[in-house]
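Reading the structure
Below, each chain spelled out in residue letters.
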2 protein chains.
Amino acid sequence: MYDGPLQDLIDALSRLPGIGPKGAQRIAFHILDASDEEVDALADTLREVKEKAKFCSVCFNVSADETCRYCRDSRRDQSVICVVEESKDVIAVERTREFRGLYHVLGGAISPLDGRGPADLHIRELCTRLADGVVTEVILATNPNLEGEATASYLSRLLSPMGVKVSRLASGLPVGGDLEYADEVTLGRAFEGRRYVSSEPDARTA
Amino acid sequence: MYDGPLQDLIDALSRLPGIGPKGAQRIAFHILDASDEEVDALADTLREVKEKAKFCSVCFNVSADETCRYCRDSRRDQSVICVVEESKDVIAVERTREFRGLYHVLGGAISPLDGRGPADLHIRELCTRLADGVVTEVILATNPNLEGEATASYLSRLLSPMGVKVSRLASGLPVGGDLEYADEVTLGRAFEGRRYVSSEPDARTA
């Protein structure tokens, strides 16, 4: 619809995830109105991410340095590793403030449909980290979907014989959610994983 | 939450219109995964918009050349000018396929609260375009809000004595909309601008 460079920018922005044609147009006009310095800064920041962002050599989390802030932090519990699919999952776990151990970022999940097998993930490096016996527990925090579940069950079979405790995050009803609106799989999981709260011993074994 | 350049990019993207922190994170990870060529191309396109995008010297529409495609097109009706606030409004009007005349982009609307008066808009240039008498009608297509209405009424008072027909886009119920959900101002306008459809002459003058 527009001439030359403005349309090129709208097209390029539309290809980014979560930006539709209307949003791309809005951002393009914002860029057109912005100062040269602002636009130069944004263009530089884009390039810098590609040039400077590295992945931690231990856990493969995204990092500005050779090792990430979690692997460098000696106050964190060195005996537990939380295995996640992506670096953004590390941030999600950190936000809970429930976990003070180390991480391992797989770089995705096993997905035969996308041609991604165990060899394409950082699984060998995870096994290497378990070799010295410092780590005693591995928490599998892959996504609660088909690929994530397949990856967790693969890892569970692989790691259990190595003498570490392997656990999987609980599935169930989201806190603040409504039972009526829960899908049947989630509700089924909530039943399966139910916890007995009665103080009578009989109830616990029912 | 992230280290160094990745966080810088998330921050920079969050400042763009319509992108929240979650969307910025998603785009930043997309950039991290994209090829160097793709990212370089996006950064170049951003800079090129600032360097190469110009404004038409006649109508102030955004343009890759000295004059825009509408002003260059001799097949368009040279006797009608549609006055809009922004270049994106030109595209909106073009999409209707109802208008085949020329445009004039004001560069905003009169807004005393934002300190924008008639002198800050391309109004003088509009008057210059009307001087040779080729243009016989001006359609005021500013936005149907406070600033747009103020601008339209200012222009209407300014242009009417110059011997051109001045019209304003109709206000009323949006097509496909629901009367129940129309706000009272819009519904009021729809009453005010009602058109008689009865074939009896009496009804038309009622």
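Residues numbered from 1 in each chain as written. Chains lettered and ligands numbered in written order. Predicted model: local features only at pLDDT ≥ 70, side-chain atom pairs only at ≥ 80, totals over all residues. Heavy atoms only, no water.

If you look at the interface, chain B gives 50 residues, while chain A gives 49 residues. Surface buried jointly by chain B and chain A totals about 4800 Å² across both partners, of which 69% is contributed by carbon and sulfur atoms. On the surface where chain B and chain A come into contact, there are 4 salt bridges. Taking the shortest distance from any N to any O, the salt bridge between Arg47 of chain A and Asp44 of chain B comes out at 2.5 Å. Between chain B and chain A we count 10 residue pairs in polar contact (both at pLDDT 80 or more) in total. Broken down by element, the side of chain B that touches chain A gets its largest block of residues, 13 residues, from helix α3 (residues 36-52) of chain B. For the side of chain B that touches chain A, the residue count by class is 26 nonpolar, 8 polar and 16 charged. (Contact = heavy atoms within 4.5 Å. Buried area = accessible area lost by both parts, 1.4 Å probe. Salt bridge = Lys/Arg side-chain N within 4 Å of Asp/Glu carboxyl O. Polar contact = N/O pair within 3.5 Å; in protein donor to acceptor, adjacent residues only side chain to side chain. Helix = DSSP H or I, 4+ residues; strand = E, 2+ residues; numbered from the N terminus. Nonpolar A, V, L, I, M, F, W, Y, C, P; charged D, E, K, R; others polar.)

Tallied over the full model, the rule gives 15 salt bridges over all chains. For Lys52 of chain A, the salt bridge goes to Glu48 of chain A, with nearest N and O atoms at 4.0 Å. Taken together, the residues Lys52 of chain A and Glu48 of chain A, both in helix α3 (residues 36-52) and 4 residues apart, mark about one turn of the helix. A relative accessible area of 29% places Glu48 of chain A in the partly exposed class. One salt-bridge network, held together by shared partners, links Asp40 and Asp44 of chain A together with Arg47 of chain B. (Buried < 20%, exposed > 50% of the residue type's maximum accessible area, 1.4 Å probe, protein only.)

Right, let's get into the packing of aromatic side chains. All names here are of chain B. In total, this model carries 6 aromatic pairs over all chains according to the counting rule given. Measuring from centroid to centroid gives 5.4 Å for Tyr70 and Tyr103, while their planes differ by 65 degrees, and the two rings are edge-to-face. Of the two residues, Tyr70 sits in helix α4 (residues 69-72) while Tyr103 sits in strand β4 (residues 102-105), which places them 33 residues apart along the sequence. Judged by relative accessible area, Tyr70 falls into the buried class, the value being 7%. Residue class for Tyr103 comes out buried when judged on its relative accessible area of 1%. (Phe/Tyr/Trp six-rings, centres within 6.5 Å; stacked < 30°, edge-to-face > 60°.)

All names here are of chain A. Within the fold, Glu180 resides in the loop between β6 (165-168) and α8 (184-192). When its relative accessible area of 61% is taken as the criterion, Glu180 is described as exposed. C-alpha separation for the pair Glu180 and Gly108, spaced 72 residues apart in sequence, amounts to 32 Å.

Those places that UniProt annotates as "domain: Toprim" (unreviewed entry) correspond, in this numbering, to residues 79-174 of chain A. From the first C-alpha to the last, residues 79-174 of chain A spans 29 Å; its make-up is 33% helix and 20% strand. (UniProt positions renumbered as here; feature names shortened; annotations may be inferred.)

Expressed as a screw transformation, the operator carrying chain B onto chain A has a rotation angle of 179 degrees and an axial translation of 0.0 Å, and the superposed copies differ by an RMSD of 0.1 Å. Here the symmetry operator amounts to a two-fold rotation axis. Judged by C-alpha distance, Ala43 of chain B is the residue of chain B that lies nearest the rotation axis, at 2.3 Å. Comparing interface residues between copies, 98% of those in chain B also sit at the interface in chain A, which points to an isologous, same-surface contact. (Least-squares fit on C-alpha atoms with pLDDT ≥ 70 in both.)

Attention now moves to the nonpolar core. The tendency in soluble globular proteins is for nonpolar side chains to be buried as a group. Ranked by internal contacts, the top residues of the largest apolar core, which has 75 residues, are Leu6, Leu13 and Ile31 of chain A together with Leu6, Leu13 and Ile31 of chain B. Dropping the residues within four chain positions of it, Leu6 of chain A is found in contact with Ala28, Phe29 and Leu32 of chain A together with Val49 and Val62 of chain B. (Core = buried A, V, L, I, M, F, W, Y, C linked by side-chain atoms within 4.5 Å.)

Within the UniProt annotation, "zinc finger region: C4-type" (unreviewed entry) is assigned to residues 56-71 of chain A. For residues 56-71 of chain A, the helix share is 19%, the strand share is 12%, and the end-to-end C-alpha distance is 8 Å.

All right, on to the state of the cysteines then. Considering all chains together, one arrives at 0 disulfides over all chains under this definition. Free cysteine Cys82 of chain A: the closest other cysteine sulfur is in Cys59 of chain A, separated by 11 Å. The class of Cys82 of chain A is buried, set by a relative accessible area of 3%. Cysteine Cys127 of chain B is unpaired, with the sulfur of Cys59 of chain B as its nearest cysteine sulfur at 16 Å. (Disulfide = S-S within 2.5 Å.)

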